[in-house]
Amino acid sequence: MSITFSVFPLKKEVPSFQEVLDLSTKKINKFLKDYGVNFDAKIEVRLLAKENNLEKKIELDASAKWDEDYYAWFSVATISGGTDSYYWELSDEEKSDNLEEFLRRTSDESRQKLVKDSLENKVEWNFRRSAGQLPITNIAYGFIASAFAELTGGFIYSDDGGWDYQIFPATSEEFDAVYFRSEKAISEEKREWAINCIENIY
C-alpha cells in the first residue's frame, strides 16, 4: 500500500534541487520544534534509474525535474527509507481529467482560478510513500511536496489518504497549517496517526 501527494505548479520556472532541499528541511524542522521534538532533520535527494536503481549524479543547482526513466529519492539523512518522486509532463487529456476532478472539490472562485492556471503548465510532481516507513519519513514527505508547491506557487492534492481529503486542493500555506498537527486533524484516524508518529520519532 502507498500514499501519494501531487503538486501542480503555477509558475513556469522550476526550482532547483537545492532550493527544494533547503525549504523542505526548514519546514520539517519548524514543525518538529513546534512539537518539542529534539531531532535535527536534513532532507537529501538521489536520482535513481527505474530499471535497475543505478544512481545518476545530481547537480543540486539544476532544475528539479528529471527524465521519466528516473525517479528522485528524497530521504531524511541518517534515516532508512524515503519517498520515491516523479516528474510528469501531462497530456491534454490528463490535464482535462484533473481539472474536472479538482473543480468538483472546490467552489471557491480564487481556488478555481489557481487550479485552472496551474494546470495550464501541464506539469505534475508526484511523491509516493510506501507502507512501513519510520515516523520521521511519514512526516517528511508531505513537507517535501509542500516545498515544491510553495516554490512554484501551485497546489497540493491527495485522493488516497495523504491527509484529510477535505483540505485538498491546498496551497502550501494551508497544508502546513494542518499537516500532522493532531489538534487540526478532521478525522480521528489522522489525529491518532499524527500523535503516534510524533511520539515515536527518534
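It should be emphasised that the depicted structure is a prediction, and the values quoted were computed from it without experimental measurement.

S.K.: Describe helix H6 (residues 188-199), naming the residues involved and giving the relevant values.
M.R.: Relative to the 16 Å expected for 12 residues at 1.5 Å per residue, H6 spans 17 Å between its end C-alpha atoms, a close match to the ideal helical length. For H6, the set of buried residues is Lys190, Ala194, Cys197 and Ile198. The buried residues of H6 occupy an angular sector of 95 degrees when projected down its axis, which confines them to one face. In H6, the exposed positions angled more than 90 degrees off the buried face are occupied by Glu189 and Glu199. Check the buried side of H6 and you find it contacts helix H1 (17-34) and helix H4 (135-152).

S.K.: Account for the pairing of strand S6 (residues 123-130), with residues named and values stated.
M.R.: The buried fraction of S6 amounts to six of the eight residues, a majority that puts the element mostly inside the structure. Here strand S1 (residues 2-8) pairs with S6 via six bridges, running antiparallel. From the neighbouring strand, valine 7 faces S6, where its bridge partner is tryptophan 125. In terms of strand pairing, strand S5 (residues 83-89) meets S6 through six bridges, oriented antiparallel.

Thresholds applied
Residues numbered from 1 in each chain as written. Predicted model: local features only at pLDDT ≥ 70, side-chain atom pairs only at ≥ 80, totals over all residues. Heavy atoms only, no water. Helix = DSSP H or I, 4+ residues; strand = E, 2+ residues; numbered from the N terminus. Expected span 1.5 Å × (residues − 1). Buried < 20%, exposed > 50% of the residue type's maximum accessible area, 1.4 Å probe, protein only. Arc of directions from axis to C-beta. Contact = heavy atoms within 4.5 Å. Pairing = 2+ DSSP bridges.

Just distances and angles here, no functional claims.
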